[in-house]
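Overview (structure and organization)
Given next are the chains, with one letter for each unit.
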Amino acid sequence: MVGHKTPSAIYDELFDEGGGMDFKSSSDLPGSIDQINHERQKIHKKSDVDEMATLLQMAKVKQYIRNLQWTPEPRMVVLTENVLQDVVDSCTNPEMFTPFTIDTTFNVGSFYVTTTTYKHLKLIDHRTGKHPSLPGPALFHRRQDTGQFLYFAQTLQEVNNDIADILAIGSDRFKGYSNGFASVCPVARVIVCKKHAEDDIDRKLTSLGINGK
């Protein structure tokens, strides 16, 4: 990315812009580290503006980014309509369905990234003979509370109203997921992830001084 050029790379660019070895005046060349840092800040600001403009344009044409909001905190949902339809097809049929699973990755820069997965029931992995787990919509957010997941669920519903018929939500023990999706997916049953439950039990036992089998 342009905004991450090293000082030496910026110096080389300024040197070339000044005429390189054929420079006409020493004033055409970078004179100090302060000048290089100044140029680096200009490049970084331009990069930030370019990235923001790209983000806004993608949101405007609804290309992957939905419901981009800047206040009270920056947040957005990343999805495609095809993937969301696959989620509906795989997670809402009472005769055969899979949980819509939610998990949050912490400390991705200054953001949380909440990812979702589902088993695609129309596909079979030839290696395992099982339905593959595929990534679903994702939420980028700055706070971790029920309101963020209500916003997430409502954004999904705005794109595909049938998301309300999801039958099961898989997650860890964080109540924000289930509480946030509760009004949008009223029939969904929350299923605690087996791995998260085991980890919670291990932590509790360790805190009580109980170790080993």
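Residues numbered from 1 in each chain as written. Predicted model: local features only at pLDDT ≥ 70, side-chain atom pairs only at ≥ 80, totals over all residues. Heavy atoms only, no water.

1. A few points about the overall build of the protein
For clarity, the cut-off: Secondary structure elements are defined from DSSP: runs of H or I of at least 4 residues count as helices, runs of E of at least 2 residues count as strands, and each element is numbered from the N terminus. Exposed residues in this analysis have more than 50% of their type's maximum accessible area, buried residues have under 20%, and partly exposed residues fall in between, with area computed by a 1.4 Å probe over protein chains only. Note on contacts: a residue pair qualifies if any of its non-hydrogen atoms lie within 4.5 Å across the two residues. For every accessible area listed, the method is Shrake-Rupley and the probe measures 1.4 Å; residues are considered covered only by the protein chains on display.
The secondary structure content of the protein amounts to 6 helices and 7 strands. Shown N-terminal to C-terminal, the secondary structure of the protein runs as helices and strands in the order α-α-β-β-α-β-β-β-α-β-α-β-α. Relative to its full complement of 213 residues, the protein shows a buried share of 31%. Of the contacts formed within the protein by residues at least 6 apart in sequence, a portion of 53% connects residues at least 24 apart. Working note: accessible area of the protein is about 13,600 Å², and carbon and sulfur atoms make up 54% of it.

2. As for the packing of aromatic side chains
Keep this limit in mind: When two rings of Phe, Tyr or Trp (its six-membered ring) have centres within 6.5 Å they constitute a pair, described as stacked for plane angles under 30 degrees, edge-to-face for angles over 60, and tilted for the intermediate range. For a ring to carry a charge above it, either NZ of a lysine or CZ of an arginine must fall within 6 Å of the ring centroid while also lying within 35 degrees of the normal to the ring plane.
The full count for this structure, using the stated rule, is 3 aromatic pairs. With a centroid separation of 4.8 Å and 80° between ring planes, the pair formed by Phe-149 and Tyr-177 is classed as edge-to-face. Here Tyr-177 lies in helix α5 (residues 175-182) and Phe-149 lies in helix α4 (residues 146-159), a separation of 28 residues in the sequence. Like Phe-149, the residue Tyr-177 is buried in the burial classification. Each residue in the set Phe-100, Phe-152 and Phe-181 is aromatic and connected to the rest through ring pairs, giving one cluster. For Arg-75, the ring lying beneath its charged end belongs to Tyr-151, and the centroid distance is 3.9 Å. Over the ring of Phe-111 we find Arg-142; its NZ or CZ atom is 5.3 Å from the centre of that ring.

3. Here's the deal with the confidence of the model for the protein
Under the convention used in this document: Here pLDDT means the predictor's own confidence in every residue, given as a number from 0 to 100.
Overall, the predicted model of the protein reaches an average pLDDT of 79, with 69% of residues at or above 70. The least confident element of the protein is helix α1 (residues 7-17), whose mean pLDDT is 54; the most confident is helix α3 (residues 81-91), at 96. Of the regions scoring below 50 in pLDDT, residues 20-24 engages in 5 contacts with residues more than four places distant in sequence or in other chains.

4. Notes on the side chain of Thr-104
The condition is simple: In the analysis that follows, any N or O atom pair within 3.5 Å is treated as a polar contact, provided that within protein one partner can donate a hydrogen and the other can accept it, and provided that, for residues neighboring in sequence, both atoms belong to side chains.
Within the secondary structure layout, Thr-104 lies in strand β3 (residues 100-108). Judged by its relative accessible area of 6%, Thr-104 is buried. A distance of 2.8 Å separates polar atoms of two side chains, one belonging to Thr-104 and the other to Thr-114. Looking at Thr-104, its side chain comes within polar contact range of the side chain of Tyr-177, at 2.7 Å. With residues up to four places along the chain from it excluded, the contact list for Thr-104 reads Tyr-112, Val-113, Thr-114, His-141, Gln-144, Phe-149 and Tyr-177.

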